[in-house]
Amino acid sequence: GKFCGDPREASPKLKCLTYFLETEGCIPVGHGEAALMLFRNLLNRVVTCASIARVSAILATGGMAFAAAKDEPPLIKTNVVQQCLSVMFSCGLMQFSGKWGFEVGLPAKNSRSGALMVVVPGQLGLCVYGSPKDVDECGNSHSAIVFMQRLVETFSFHVLDVLPTLNLKKIDPSR
């Protein structure tokens, strides 16, 4: 695929990010090129809405498998889940992230394919798909965004819908 290949051919921005992650201890020193190769190969993987929703659901449960026993360790460490959701919330929809956070208020990650991975922490994970023809220059599907805006108008999913002084006329699916 167009994203795979020799890590030495990576864009300067990706190389810079890799070196930064090495210096911050996120990647072991000397393993930057291997991490970059893995990242580039992951960009070329084929996924489905169902597989995206599964990953989203694991993030929503704090890293736990769906039918995990109480003593079973998480699939993803809780602190990693928190960091991932923070990044998704702050910049998962590129330049649209601020407006998304204000209007929808959920961690999400876009895809130029039209898929939108959304996490409702503690409740559910989902993948909303809109046609690639309806994707903007940042990779956001207009119809997926409109669907999510309508969903949070109906259900109390926005992360700030928990404020006790709000008098919401929304459905609380956790009750």
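First things first, this report covers the structure right here in the doc.

Topic: the sheet that holds strand E2 (residues 115-120)
Then comes step 1: Strand order in the open sheet made by the 3 strands is E1-E2-E3, with antiparallel pairing throughout. Bordering the open sheet on either side are strand E1 (108-110) and strand E3 (124-129), each of which pairs with just one other strand. Adjacent strand axes in the sheet meet at a mean angle of 10° when their direction is disregarded.
Then comes step 2: Strands in contact with helix H3 (residues 49-60) are E2 and E3; relative to E3, the strand with the most contacts, it is inclined by about 150°.

Focus on the nonpolar core
Then comes step 1: Counting 16 residues, the largest nonpolar core has Trp100, Leu106, Leu116, Val118 and Met148 as its most contacted members.
Then comes step 2: Counting only elements with at least two residues in this core, the list comes to E2, E3 and helix H6 (142-154).
Then comes step 3: At 5 residues, the largest contribution of residues to this core is made by H6.
Then comes step 4: Ignoring anything within four residues of it in the chain, the contact list for Trp100 reads Leu93, Gly105, Leu106, Ala108, Leu116, Val118, Ile145 and Met148.

Some points on the pairing of E3
Then comes step 1: Looking at chain direction, E2 and E3 are connected through 6 bridges and run antiparallel. Following the sheet pairing, Ala115 is matched in E3 by Tyr129.
Then comes step 2: Where E2 hands over to E3, the hairpin turn is made up of 3 residues, of which Gly122 adopts a positive phi near 80°.

How each quantity is defined
Residues numbered from 1 in each chain as written. Predicted model: local features only at pLDDT ≥ 70, side-chain atom pairs only at ≥ 80, totals over all residues. Heavy atoms only, no water. Pairing = 2+ DSSP bridges. Helix = DSSP H or I, 4+ residues; strand = E, 2+ residues; numbered from the N terminus. Axes fitted to C-alpha atoms, helices over the stretch in contact; angles between N-to-C directions. Contact = heavy atoms within 4.5 Å. Core = buried A, V, L, I, M, F, W, Y, C linked by side-chain atoms within 4.5 Å. Buried < 20%, exposed > 50% of the residue type's maximum accessible area, 1.4 Å probe, protein only.

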